[in-house]
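Observations on the three-dimensional arrangement
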Amino acid sequence: NAGVMQNPRHLVRRRGQEARLRCSPMKGHSHVYWYRQLPEEGLKFMVYLQKENIIDESGMPKERFSAEFPKEGPSILRIQQVVRGDSAAYFCASKGGTNEKLFFGSGTQLSVL
Amino acid sequence: SQQGEEDPQALSIQEGENATMNCSYKTSINNLQWYRQNSGRGLVHLILIRSNEREKHSGRLRVTLDTSKKSSSLLITASRAADTASYFCATDAWGGSQGNLIFGKGTKLSVKP
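Residues numbered from 1 in each chain as written. Chains lettered and ligands numbered in written order. Predicted model: local features only at pLDDT ≥ 70, side-chain atom pairs only at ≥ 80, totals over all residues. Heavy atoms only, no water.

**Concerning the sheet that holds strand β8 (residues 75-79) of chain A**
All names here are of chain A.
- The strand order across the open sheet formed by four strands is β1-β3-β8-β7, and the pairing between neighbours is antiparallel. Of all strands in the sheet, those with a lone pairing partner are β1 (5-7) and β7 (65-68), marking the two edges. If you compare each strand with its neighbour and ignore which way they point, the axes differ by 15° on average.
- Bridging between strand β3 (residues 19-24) and β8 involves five bridges; their strand directions are antiparallel. Residue Cys23 lies in a different strand from β8, and its bridge partner there is Ser75. (Pairing = 2+ DSSP bridges. Helix = DSSP H or I, 4+ residues; strand = E, 2+ residues; numbered from the N terminus. Axes fitted to C-alpha atoms, helices over the stretch in contact; angles between N-to-C directions.)

Written out as structure tokens, the structure is:
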């Protein structure tokens, strides 16, 4: 029973390019969360999605960032026109039903040159 | 500002000793969770304590919650080198969307063999 799968593990982009981060939740989980972590910091909530719906995007920057969780396939966090300040580790987590426990993926380390 | 703040920021102990980490938060909560993060990896859920609980045990872990002081502590007894990791508390804001967990900056624990 695979856990939360994130890819790529490392992503290098030049300023102005687009970054696409993928997350496949645990089997049977329909709730997906994206968090961002800067070095030596805790995780900052970005967005909460259920299948085909954005439930809470209060932590996501209004511009350049978008997220989706389609009916089929992984959740995608998309960052357009990346800047150096976007460099961080991006973690996806999932949960099922009413369970409050989150299961995290290993993260995608985004480096913007 | 952070909802959860861990204390101390870093803790170094010898194998076999106990490790105590504290967490303070600001608003009313439904529950408080503790997670562990090994370097470069995702977070792993350790234990959840609800707002109406005062103490909870899981193996070598003991968590307390004092809602009047808005604080929690995590005790790891008989520590092992494998316990070396960063430990984060996370709270859900009362009335917030489930999964919008607010993490502190963490306590970096180093257990020396």
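**Some points on the layout of surface pockets**
- The volume enclosed by the largest pocket comes to roughly 580 Å³.
- Around the largest pocket, the lining is made up of 30 residues, and of these Gln37 and Glu40 of chain A together with Gln37, Gly40 and Ser86 of chain B lie nearest the centre.
- Looking at the lining of the largest pocket, the elements that each hand over two or more residues are β9 (88-95) and β11 (108-112) of chain A together with β9 (85-93) and β11 (107-112) of chain B.
- Split by residue class, the lining of the largest pocket holds eight nonpolar, 16 polar and six charged. (1 Å grid on protein atoms, 1.4 Å probe; cavity = no way out; pocket = protein on both sides within 12 Å on 5 of 7 lines; lining within 4 Å. Points joined across faces, edges and corners; volume = space filled by probe spheres on them. Nonpolar A, V, L, I, M, F, W, Y, C, P; charged D, E, K, R; others polar.)

**Observations concerning the sheet that holds strand β7 (residues 61-66) of chain B**
All names here are of chain B.
- Spatial ordering of the open sheet is given by β1-β3-β8-β7-β6, a layout of five strands whose pairing is antiparallel. The open sheet has two edge strands with one neighbour each: β1 (5-7) and β6 (55-58). Averaged over all pairs of adjacent strands, the angle between their axes in this sheet comes to 20°, without regard to strand direction.
- Pairing of strand β3 (residues 19-24) with strand β8 (residues 71-76), which is carried by six bridges, proceeds in the antiparallel orientation. Bridge assignment links Cys23 to a residue of β8, and that residue is Ser72.

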